[in-house]
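Given next are the chains, with one letter for each unit.
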Amino acid sequence: DGGITQSPKYLFRKEGQNVTLSCEQNLNHDAMYWYRQDPGQGLRLIYYSQIVNDFQKGDIAEGYSVSREKKESFPLTVTSAQKNPTAFYLCASLSRANYGYTFGSGTRLTVV
Amino acid sequence: GQQLNQSPQSMFIQEGEDVSMNCTSSSIFNTWLWYKQDPGEGPVLLIALYKAGELTSNGRLTAQFGITRKDSFLNISASIPSDVGIYFCAGRSSMDSSYKLIFGSGTRLLVRP
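Because the structure is a prediction, the values reported are computed rather than measured. (Residues numbered from 1 in each chain as written. Chains lettered and ligands numbered in written order. Predicted model: local features only at pLDDT ≥ 70, side-chain atom pairs only at ≥ 80, totals over all residues. Heavy atoms only, no water.)

Caption draft 1: Representation of the overall build of chain A in the model. Scanning chain A from N- to C-terminus turns up 0 helices and 11 strands. Secondary structure elements of chain A, listed N to C terminal, follow the sequence β-β-β-β-β-β-β-β-β-β-β. For 112 residues, the compact-globule estimate of 2.2 N^0.38 gives 13 Å, and the C-alpha radius of gyration of chain A, at 13 Å, lies within 12% of that figure. Principal-axis analysis of the C-alpha atoms gives chain A an extent of 40 × 25 × 25 Å. Counting every position in chain A, which comprises 112 residues, the buried fraction comes to 49%. Across chain A, every contact between residues at least 6 apart in sequence was considered, and the portion connecting residues at least 24 apart equals 51%. As presented, chain A carries roughly 5300 Å² of accessible surface, and 46% of it is formed by carbon and sulfur atoms. Side chains of chain A carry 12 positive and 10 negative charges; the gap between the two charge centres is 5 Å. (Helix = DSSP H or I, 4+ residues; strand = E, 2+ residues; numbered from the N terminus. Rg over C-alpha atoms; globule rule 2.2 N^0.38 Å. Buried < 20%, exposed > 50% of the residue type's maximum accessible area, 1.4 Å probe, protein only. Contact = heavy atoms within 4.5 Å. Areas by Shrake-Rupley, 256 points an atom, 1.4 Å probe, with all protein chains shown as cover. Lys, Arg positive; Asp, Glu negative; His and termini not counted. Charge placed at Lys NZ, Arg CZ, Asp CG, Glu CD.)

What follows is the structure in structure tokens.
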């Protein structure tokens, strides 16, 4: 079955560490997106990529970085510059069939 | 960044009741989407709307694209316990060529058996 796989499901980060969240899709979608979700808030866009080797900042890109070396993969790195990284992170890709997003199951990142 | 106004923020209803929620935007949208999110999971697409005035159903769910193109509504009829979750509206501005979606803050639905 086609879909988006995010890993790990749960991730713990120490202060000052960089961590990388994985997002892989086998839907052959061109555009991919990273969102952050905090309790009681909507989804806020971190970065997005419309094509391989190209990506753009979203509304809250500070302290994050991404790469898009392959169509299937769009990893997100949470750097030590992100002061409040504890959140639920969602990866999505754009379906040309309905112009909606298909989401992964998310990664919950906690700073310890 | 732009946000949508989604209301109500939460609802606690009796099983069997109907539910209504809505989203409004300050700008015109050319696509409205409604998602449901279960705890600890990613949102799942329920209904997609593409034209002003469009009314679309998916089982007990019905959504409408407002004629002003600045709002959308979702109704759930005869609620059941598995309807529990967070419902998000999402819209896409006609001015944005990147296909980015803007999300509302969600409506948390609790259903009392």
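From this point, things continue past the structure.
Caption draft 2: Structural context of the nonpolar core. Residues and elements named next belong to chain B. Counting residues in hydrophobic clusters, the biggest one holds 22 residues, and the most contacted among them are Trp32, Trp34, Leu74 and Leu109. For this core, the secondary-structure elements that each account for two or more residues are strand S2 (10–14), strand S3 (19–24), strand S4 (29–37), strand S5 (44–49), strand S7 (61–65), strand S8 (71–76), strand S9 (85–93) and strand S11 (107–112). If we ignore the near neighbours within four places in the chain, the residues touching Leu74 are Val19, Ser20, Met21, Trp34, Ile47, Leu61, Thr62, Ala63 and Tyr87. (Core = buried A, V, L, I, M, F, W, Y, C linked by side-chain atoms within 4.5 Å.)

Caption draft 3: Representation of the environment of Glu72(A). Residue and element names in this part refer to chain A. Assignment of secondary structure puts Glu72 in the loop between strand S7 (64–66) and strand S8 (76–78). Judged by its relative accessible area of 37%, Glu72 is partly exposed. Excluding anything up to four places from it in sequence, Glu72 contacts Cys23, Glu24, Gln25 and Met32.

Caption draft 4: Structural view of the sheet that holds strand S1 (residues 4–7) of chain A. All names here are of chain A. Strands sit in the order S1-S3-S8-S7 across an open sheet of 4 strands; the sheet is antiparallel. Two strands in the sheet have a free side with no partner beyond their single neighbour: S1 and S7. Mean inter-strand twist for the sheet, computed between neighbouring axes without regard to direction, equals 20°. Inspection of the sheet shows S1 paired to strand S3 (residues 19–25) by 4 bridges, in the antiparallel sense. By the bridge assignment, Gln6 is partnered in S3 with Cys23. (Pairing = 2+ DSSP bridges. Axes fitted to C-alpha atoms, helices over the stretch in contact; angles between N-to-C directions.)

Caption draft 5: Spotlight on the pattern of salt bridges. Residues and elements named next belong to chain A. Applying the stated criterion across every chain, the model contains 6 salt bridges over all chains. With its nearest N and O atoms 3.3 Å apart, the salt bridge here joins Asp30 to Lys71. Here the residue Asp30 occupies a position in the loop between S3 and strand S4 (32–37), and Lys71 occupies one in the loop between S7 and S8, the gap between them amounting to 41 residues. Of the charged contacts in the structure, one is a salt bridge between Asp38 and Arg44, with a shortest N-O distance of 2.7 Å. Overall, the relative accessible area of 10% leaves Asp38 in the buried class. Residue classification places Arg44 among the partly exposed residues on the basis of a relative accessible area of 26%. If you follow the salt bridges from partner to partner, you end up with Arg36, Asp38 and Arg44 in one network. (Salt bridge = Lys/Arg side-chain N within 4 Å of Asp/Glu carboxyl O.)

Caption draft 6: Molecular detail of the state of the cysteines. Residues and elements named next belong to chain A. Counted under the stated rule, the structure contains 2 disulfides over all chains. Covalent S-S linkage joins Cys23 and Cys91, the inter-sulfur distance amounting to 1.9 Å. Of note, the bridge from Cys23 to Cys91 carries an S-S torsion of about -75° and is left-handed in sense. Taken together, the residues span a long stretch of sequence, with Cys23 in strand S3 and Cys91 in strand S9 (residues 87–94) at a distance of 68 residues. (Disulfide = S-S within 2.5 Å.)

Caption draft 7: How the structure looks around the pairing of S11(B). Residues and elements named next belong to chain B. By the alternation rule, side chains of S11 split into Thr107, Leu109 and Val111, which are all buried, and Arg108, Leu110 and Arg112, of which none is buried. Relative to S11, S2 is paired through 5 bridges, and the arrangement is parallel. Bridging from a neighbouring strand, Phe12 pairs with Leu110 of S11. As defined by bridge partners, S9 adjoins S11 across 3 bridges and the pair is classed as antiparallel. Note on S11: the bridge partner recorded for Tyr87 is Thr107.

Caption draft 8: Just the sheet that holds S7(B), in detail. Residues and elements named next belong to chain B. Sheet architecture is open: 5 strands sit in the order S1-S3-S8-S7-S6, paired in antiparallel fashion. In this open sheet, the two edge strands, each paired with only one partner strand, are strand S1 (5–7) and strand S6 (55–58). Neighbour-to-neighbour, the strand axes of the sheet open up by a mean angle of 15°, direction not taken into account. Here S1 runs beside S3; their pairing, made up of 3 bridges, is antiparallel. Looking across to S3, one finds that Ser7 is bridged to Asn22.

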